[in-house]
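Summary of the model geometry
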Amino acid sequence: MTGKIIGTGACVPDKVVSNDDLSKIVDTNDEWIRERTGIVRRHIISGEETTVTLAAEAGKRALNMGGIAAKELDMILLSSISSNVILPCTACAVQRLIGAVNAVCYDLNAACSGFVFAYNAAQAHIMSGMCNTVLVIGADCLSDLTNWKDRSSCILFGDGAGAVVLQAAEGVPFAFAMHSDGQRGGSITCQSRNQNNCPPLEETYMKMDGKEIFKFASTKVPAVLHELLEKVSMKPEEIDAYFLHQANGRIIEIIAKKMGLDLSKFPMNVAEYANTSSGTIPILLDEVNRKGNILKGQKLIMCSFGAGLSWGAAYLEWQ
Ligand code: COA
């Protein structure tokens, strides 16, 4: 048995922050941001919204689409680096909000690779027989970790959550490839605010070597896609759609070119939401799915990269 996606869901904050809005707080402009990243706006939490509330709503929407009750879940696996809660874990906080009384819940931190890693971990739980029905959530509110004075990074991020429900089924193809390289971890860092020596405030915001990450993503993503394609004995053009981490439209364009594929095989919504870390792939999947643009039998790959450094991919067929 492997996991079949029976529902998708997403939830993004109501408040929209445009590139023009950002140009009022840092020395930047709409044209520069669009050209270098493809980003036009991002959604940022306000009022009562938190990582937990977005995650719970995304989860509920996925459950509704799947037509199952929260109590049928036997696991909630949630990927986040930016939750409003440390204890209980975000997955348990979501469990409480949605009433998933029979689920075992835990969080996973693999930064922007988190959703793909969590999806693959959920598949492993199902394949081992440990679980039958798993809610996998990617939820991040990076606005809290963003240095709003750093124009080279603050333009890139947004808040949001997405989810899928996986249910054990026969004959659902699944394959994966995942990697981590802690030696290169210095390219994106963020220190905990909970150290007893109280790090300087700037160290507790995300710091990033943008050029290094750009190079890393545009080499490692094609490599891991080829690795996965080899595992499933397929050629790049046999895949119907590549759901890539939405960090930067230019990175996706370069990857498409390196794979020798038309950009139309790479759905994108980075213009609307920017980089929501663990949220990007499930938000995009849900958006495309709700438009009815994923058809039964289509072959899909999800692929992400991020801090760690980490990168990984999953192959699935839509059922
Ligand atoms: N607005 C206007 N100018 C800006 C700017 C901004 N927001 N940010 C940087 N600049 C300036 C720089 O200061 C530099 O000026 P200089 O030439 O006078 O020194 C110039 O623009 C070029 O900067 P550079 O850093 O070379 O731009 P770039 O083409 O590499 O683009 C990123 C910068 C951050 C957009 C790009 O490197 C990137 O997207 N990297 C990947 C980041 C990422 O995805 N991280 C998350 C991974 S999960």
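For the structure, check the block above.
Residues numbered from 1 in each chain as written. Predicted model: local features only at pLDDT ≥ 70, side-chain atom pairs only at ≥ 80, totals over all residues. Heavy atoms only, no water.

Notes on the pattern of salt bridges
- Tallied over the entire structure, the rule returns 10 salt bridges.
- With its nearest N and O atoms 3.8 Å apart, the salt bridge here joins Lys 24 to Asp 21.
- When its relative accessible area of 67% is taken as the criterion, Lys 24 is described as exposed.
- Taking the relative accessible area as the measure of exposure, Asp 21 reaches 31% and is therefore partly exposed.
- Residue Glu 272 is joined to Arg 41 by a salt bridge in which the shortest nitrogen-to-oxygen separation is 2.7 Å. Placement of Glu 272 in helix H9 (residues 270-273) and of Arg 41 in strand E3 (residues 41-43) is noted, with a sequence separation of 231 residues between them.
- Three or more residues joined by partner-sharing salt bridges are found here, namely Arg 184, Glu 212 and Lys 215. (Salt bridge = Lys/Arg side-chain N within 4 Å of Asp/Glu carboxyl O. Buried < 20%, exposed > 50% of the residue type's maximum accessible area, 1.4 Å probe, protein only. Helix = DSSP H or I, 4+ residues; strand = E, 2+ residues; numbered from the N terminus.)

A word on the sheet that holds strand E11 (residues 241-244)
- If you walk across this open sheet you meet the four strands as E8-E13-E12-E11, and the pairing is mixed. Single-partner strands in this sheet number two, and they are strand E8 (174-180) and E11. Going across the sheet, the axis of each strand differs from the next one's by a mean of 10°, ignoring polarity.
- Relative to strand E13 (residues 310-317), E8 runs antiparallel, the two being bridged by seven bridges. By the bridge assignment for E13, Ala 177 is matched with Ala 313.
- Against the sheet, helix H10 (residues 280-290) touches E11 and strand E12 (299-306), its axis set at about 140° to E11. (Pairing = 2+ DSSP bridges. Axes fitted to C-alpha atoms, helices over the stretch in contact; angles between N-to-C directions. Contact = heavy atoms within 4.5 Å.)

Observations concerning the sheet that holds strand E7 (residues 159-169)
- Here five strands make up an open sheet; going across it, the order is E1-E7-E6-E4-E5 and the pairing mixed. Of all strands in the sheet, those bounded by a partner on one side alone are strand E1 (2-11) and strand E5 (104-108). Across the sheet, the mean angle from the axis of one strand to that of its neighbour is 20°, orientation sign disregarded.
- Here strand E6 (residues 133-141) runs beside E7; their pairing, made up of nine bridges, is antiparallel. Residue pairing in the sheet places Cys 141 in a bridge with Asp 159 of E7.
- Sheet contacts for H10: E1, E6 and E7; angle to E1, the most-contacted strand, approximately 90°.

Describing the packing of aromatic side chains
- All told, the structure shown has six aromatic pairs when counted by the stated rule.
- Residues Phe 115 and Tyr 119 carry aromatic rings whose centres are separated by 6.5 Å and whose planes lie at 35° to one another, so their mutual orientation is tilted. One end of the pair, Phe 115, and the other, Tyr 119, are both in helix H5 (residues 114-127), four residues apart, so they sit about a helical turn from each other.
- Overall, the relative accessible area of 1% leaves Phe 115 in the buried class.
- Ring geometry for Tyr 242 versus Phe 266: centroids 5.0 Å apart, planes at 10°, classification stacked. Taken as a pair, Tyr 242 in strand E11 and Phe 266 in the loop between helix H8 (249-258) and H9 lie far apart in primary sequence, 24 residues in all. Both residues of the pair, Tyr 242 and Phe 266, count as buried.
- Three or more aromatic residues link up through ring pairs in this structure, and these residues are Phe 115, Tyr 119, Phe 174 and Phe 176. (Phe/Tyr/Trp six-rings, centres within 6.5 Å; stacked < 30°, edge-to-face > 60°.)

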